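Chains, contacts and geometry: an overview
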Amino acid sequence: MTSTPPILKTERLVLQAPKMADFEEYAALMQSERAVHMGGPFDREGAWYAFCHDTAQWLLMGHGALMVEADGQTVGQVAINFGPLFPEHELGWLVYAGAEGKGYALEAAQCLKDWALDTLGLPSLVSYVDHDNHRSRRLAERLGAVLDADAARPDPDDLVYRHW
């Protein structure tokens, strides 16, 4: 287990540890209606707790969130989540307004998924997706995930997509 987040690169993206400068844009998303599929919208304090949770997992579990940069601009986040809030290792993603529809989430999630399966040696990952979040459902399917109706879930209404 490593507590130091890796820097992962794709052809277009750099995935790296969250830094304090990333919080304001992250908080804006988490406080907006766009966070409805992630249990939000949150108040500023809730956004801060989520940001700290995403970051602290590196120290506690050897995985966590990475911010996604394209052309030097942060465009979103991908994460491997686990612990008391998640029954299994979850592959999650979010993309900031204005960065959607460019394939960033697919590219970043594929990169982090490969890292988690290869480097961490996880046998599989899941993505917990709100039933009404059609864009995330399509993204999970484009990543090759399949619905797993028998998987445990933090929210009984979530769909669970399994990645291998």
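Description of the structure in this document. (Residues numbered from 1 in each chain as written. Predicted model: local features only at pLDDT ≥ 70, side-chain atom pairs only at ≥ 80, totals over all residues. Heavy atoms only, no water.)

Secondary structure assignment for the protein chain yields four helices and eight strands. When the helices and strands of the protein chain are read in sequence order from the N terminus, they spell out β-β-α-α-β-β-β-α-β-α-β-β. In terms of overall dimensions, the protein chain is globule-like: its C-alpha atoms have a radius of gyration of 14 Å, near the 15 Å expected for 164 residues. The buried share of the protein chain, reckoned over its 164 residues, is 50%. Of the contacts made within the protein chain by residues no fewer than 6 positions apart, 59% connect residues no fewer than 24 positions apart. Summed over all atoms, the accessible surface of the protein chain reaches about 8300 Å², with 54% contributed by carbon and sulfur. Charge separation in the protein chain, taken as the distance between the mean sites of 13 positive and 24 negative side-chain charges, equals 6 Å. (Helix = DSSP H or I, 4+ residues; strand = E, 2+ residues; numbered from the N terminus. Rg over C-alpha atoms; globule rule 2.2 N^0.38 Å. Buried < 20%, exposed > 50% of the residue type's maximum accessible area, 1.4 Å probe, protein only. Contact = heavy atoms within 4.5 Å. Areas by Shrake-Rupley, 256 points an atom, 1.4 Å probe, with all protein chains shown as cover. Lys, Arg positive; Asp, Glu negative; His and termini not counted. Charge placed at Lys NZ, Arg CZ, Asp CG, Glu CD.)

Ranked by internal contacts, the top residues of the largest apolar core, which has 32 residues, are Leu15, Val78, Leu91, Trp93 and Leu112. Those elements giving two or more residues to this core turn out to be strand 2 (13–16), strand 3 (65–70), strand 4 (73–83), strand 5 (86–95), helix 3 (104–118), strand 6 (125–129), helix 4 (134–142) and strand 8 (159–163). The element contributing the most residues to this core is helix 3, with nine residues. For Leu112, the contacting residues outside a window of four places in its chain are Leu8, Leu15, Leu66, Val78, Ala79, Ile80 and Leu91. (Core = buried A, V, L, I, M, F, W, Y, C linked by side-chain atoms within 4.5 Å.)

By themselves these figures say nothing about function.
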